[in-house]
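# Topology and contacts: notes
As a plain string of letters, each chain reads:
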Amino acid sequence: MSLWLLNHFSTFTLAVLTVGGTVVLAVGGSVLMRRRYPSLARGEHNDMVGVTLGMFGAIYGIILAFVIVTLWTQLEDTQTIVSSEATDTALIARDAAAFPAAVRARLDSTLSGYVHAVVEDQWPRMRAGHPSYGATESHLQDAFHVLQTYDPKTEREQVFYEQAVGHLDDVASQRRARITMARQELPVLLQVLAIGGALVLVPLTFLYGMRKLRVQMLFVASVAGLVGFSLLLVFVLDRPFAGDLSVSPAPYREGALAQFWPR
């Protein structure tokens, strides 16, 4: 469900639904509570509610901050993995210039097939939450076969051959890391804690009474808006390959890899 929402709605739309919906529900709930229990407006229990709200808010804020920072770091790590994989692939294409024309042509063909498979086949699978090794496996195996069956003839070729083999090993490693990141998601217990905490914290603000209704609505709406925005960040950062803030496949189309794409 979360992947479908991220892939079919813009971040702005999700922000309106999440933040706006949280604020509307909180304000509505506060008004209903105030009408049901008019004595709340006198603030008879504000001391107790204030201490409870402050303590719970601090704990919940620390937890949310930890989750958001962790997810943001995960997104940056995923971007680094993608850039590294594309860079290593581009370096192989550059190293191949030192090989005989026939070997270079075969290697370029396998690299072209690989980057096209990553962008056109594997990327949609990762956006949908179903990454697959099979989408690029044959192309990667072909690249290894080209290098394994080639015997460098000169010292110059030997130097570039060793570099190409090393870069190809790195591509295989980065591909595994990328697919692993595509399968990552926030543990269920943390999801329950993030949503459950909001369901406890926001209603607590209803019990903090103020004589002026507008002031109380502003207080409730501010807390609800902050909580809603934090939940939005958790939601959009949880999946690094889905949504507007997702990792882009652009590195596979740039630099030395641009030759594999029509202009």
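To keep things clear, this report deals only with the structure shown in the data block. (Residues numbered from 1 in each chain as written. Predicted model: local features only at pLDDT ≥ 70, side-chain atom pairs only at ≥ 80, totals over all residues. Heavy atoms only, no water.)

### Concerning the overall build of the protein
What counts is decided by this rule: To qualify as a helix, a DSSP run of H or I must reach at least 4 residues; to qualify as a strand, a run of E must reach at least 2; elements of each kind are numbered from the N terminus. Our radius of gyration is a C-alpha quantity, and the globule rule it is checked against amounts to 2.2 Å times the number of residues to the power 0.38. Any residue under 20% of the maximum accessible area for its type is buried, any over 50% is exposed, and the rest in between are partly exposed; the area is computed with a 1.4 Å probe on protein chains only. Only heavy atoms matter for contacts: two residues are in contact if any of them lie within 4.5 Å across the pair. Only the protein chains shown count as cover for residues, with accessible areas throughout obtained via the Shrake-Rupley method and a probe of 1.4 Å. Positive charges come from Lys and Arg alone, negative charges from Asp and Glu alone, with His and the N- and C-terminal ends not counted. A charge is said to be at NZ when it belongs to Lys, at CZ for Arg, at CG for Asp and at CD for Glu.
Looking only at helices and strands, the protein has eight helices and zero strands in total. Secondary structure elements in the protein, listed N-terminal to C-terminal, are α-α-α-α-α-α-α-α. In terms of C-alpha radius of gyration, the protein reaches 27 Å, well past the compact-globule figure of 18 Å for 263 residues. For the protein, the spread of C-alpha atoms along the principal axes amounts to about 90 × 30 × 25 Å. Counting across all 263 residues of the protein, residues that qualify as buried make up 43%. Sequence separation of at least 24 residues holds for 82% of the intrachain contacts in the protein that already meet a minimum separation of 6. For the protein, the accessible area works out to roughly 14,000 Å², and carbon and sulfur atoms hold 64% of it. Taking the 21 positively charged and 22 negatively charged side chains of the protein as two groups, their mean positions are separated by 16 Å.

### Looking at the side chain of Thr-89
Position of Thr-89 among the secondary structure elements: in helix 3 (residues 46-95). Given a relative accessible area of 0%, Thr-89 falls into the buried group. Sequence-distant contacts of Thr-89, that is, excluding residues within four places in its chain, are made with Leu-111, Tyr-114, Val-115, Val-171 and Leu-257.

### Examining helix 6 (residues 155-182)
Which entries qualify depends on this criterion: An expected span of 1.5 Å times one less than the residue number is assigned to each helix.
Under the 1.5 Å per step criterion, the end-to-end length of helix 6 is 41 Å for 28 residues, consistent within 8% with the ideal 40 Å. Along helix 6, the residues that are buried comprise Glu-157, Tyr-161, Ala-164, His-167, Leu-168, Val-171, Gln-174, Arg-175, Arg-178, Ile-179, Met-181 and Ala-182. If you follow the buried residues of helix 6, they end up packed against helix 3, helix 4 (101-127) and helix 5 (134-148).

### Side note on the packing of aromatic side chains
Each aromatic ring pair is described using two quantities: the centre-to-centre distance and the angle formed by the ring planes. This is how the line gets drawn: Working definition: rings of Phe, Tyr and Trp (its six-membered ring) pair if their centres are within 6.5 Å, and the pair is stacked with planes under 30 degrees apart, edge-to-face with planes over 60 apart, and tilted otherwise. Either the NZ atom of lysine or the CZ atom of arginine qualifies as a charge over a ring when it sits within 6 Å of the ring centre and within 35 degrees of the ring normal.
This model, assessed by the stated rule, comprises seven aromatic pairs. Taken together, a centroid distance of 5.7 Å and an interplanar angle of 70° make the contact between Trp-4 and Phe-9 edge-to-face. Here Trp-4 falls in the partly exposed class, since its relative accessible area comes to 45%. Between Trp-123 and Phe-241 the ring centres are 5.2 Å apart and the planes differ by 85°, which places this aromatic pair in the edge-to-face class. Of the two residues, Trp-123 is situated in helix 4 and Phe-241 in the segment after helix 8 (213-237); the sequence distance between them amounts to 118 residues. We note Arg-36 situated over the ring of Tyr-37; from NZ or CZ to the ring centre the distance is 4.9 Å. The lysine or arginine in question, Arg-253, covers the ring of Trp-261, its NZ or CZ lying 4.0 Å from the ring centre.

### Here's the deal with the environment of Asn-46
Along the chain, the position of Asn-46 falls in helix 3. Considered as a pair, Asn-46 and Gly-209 are 163 residues apart in the sequence and their alpha carbons are 6.6 Å apart. Excluding residues that lie within four positions of it along the chain, Asn-46 makes contacts with Leu-207, Tyr-208 and Gly-209.

### Quick notes on the packing of helix 2 (residues 11-36) against helix 8
Note the following rule: Throughout, an axis means a line fitted to C-alpha atoms (over the contacting stretch in the case of helices), and angles, computed between N-to-C directions, take values from 0 to 180 degrees. Helix crossings fall into two classes, left-handed where the near helix is turned counterclockwise from the far one by less than a right angle and right-handed where it is turned clockwise. Each residue is assigned to one class: nonpolar for Ala, Val, Leu, Ile, Met, Phe, Trp, Tyr, Cys and Pro, charged for Asp, Glu, Lys and Arg, and polar for all the others, Gly among them.
For the pair helix 2 and helix 8, the least separation of the axes is 8 Å and the interaxial angle reads 145°. At the point where helix 2 passes helix 8, the crossing takes the right-handed sense. When helix 2 is examined against helix 8, the residues Leu-14, Ala-15, Thr-18, Val-19, Thr-22, Val-23, Ala-26, Val-27, Ser-30, Val-31 and Arg-34 are found in contact with a partner set consisting of Leu-213, Gln-216, Met-217, Val-220, Ala-221, Ala-224, Gly-225, Gly-228, Phe-229, Leu-232, Phe-235 and Val-236. Grouping the constituent residues of the contact of helix 2 with helix 8 by class yields 16 nonpolar, six polar and one charged.

### Focus: the packing of helix 4 against helix 6
Definition in use: By the definition adopted for this analysis, an angle is roughly parallel if under 35 degrees, roughly antiparallel if over 145, roughly perpendicular if from 65 to 115, and oblique otherwise.
Taken N-terminus to C-terminus, the directions of helix 4 and helix 6 make an angle of 15°; their axes are 11 Å apart at the nearest point. Considering their axes alone, helix 4 and helix 6 lie roughly parallel with respect to each other. When you trace helix 4 past helix 6, the crossing you get is right-handed. Contact residues: Tyr-114, Val-118, Gln-122, Trp-123 and Met-126 in helix 4; Val-171, Arg-175, Arg-178, Ile-179 and Ala-182 in helix 6. Along the lines of polarity and charge, the residues of the contact of helix 4 with helix 6 split into seven nonpolar, one polar and two charged.

### What about the nonpolar core?
Here is the rule we go by: Side-chain atoms within 4.5 Å link the members of a nonpolar core, which is a set of buried Ala, Val, Leu, Ile, Met, Phe, Trp, Tyr and Cys residues.
By size, the foremost hydrophobic cluster in this structure holds 64 residues, and its most contacted members are Phe-99, Leu-107, Trp-123 and Tyr-252. Those elements that place two or more of their residues in this core are helix 1 (2-8), helix 2, helix 3, helix 4, helix 5, helix 6, helix 7 (188-206) and helix 8. Sort the elements by how many residues they give to this core and helix 3 lands first, with twelve residues. With near-sequence residues (within four places) excluded, Phe-99 lies in contact with Arg-104, Leu-107, Leu-147, Tyr-150, Glu-157, Phe-160, Tyr-161 and Ala-164.

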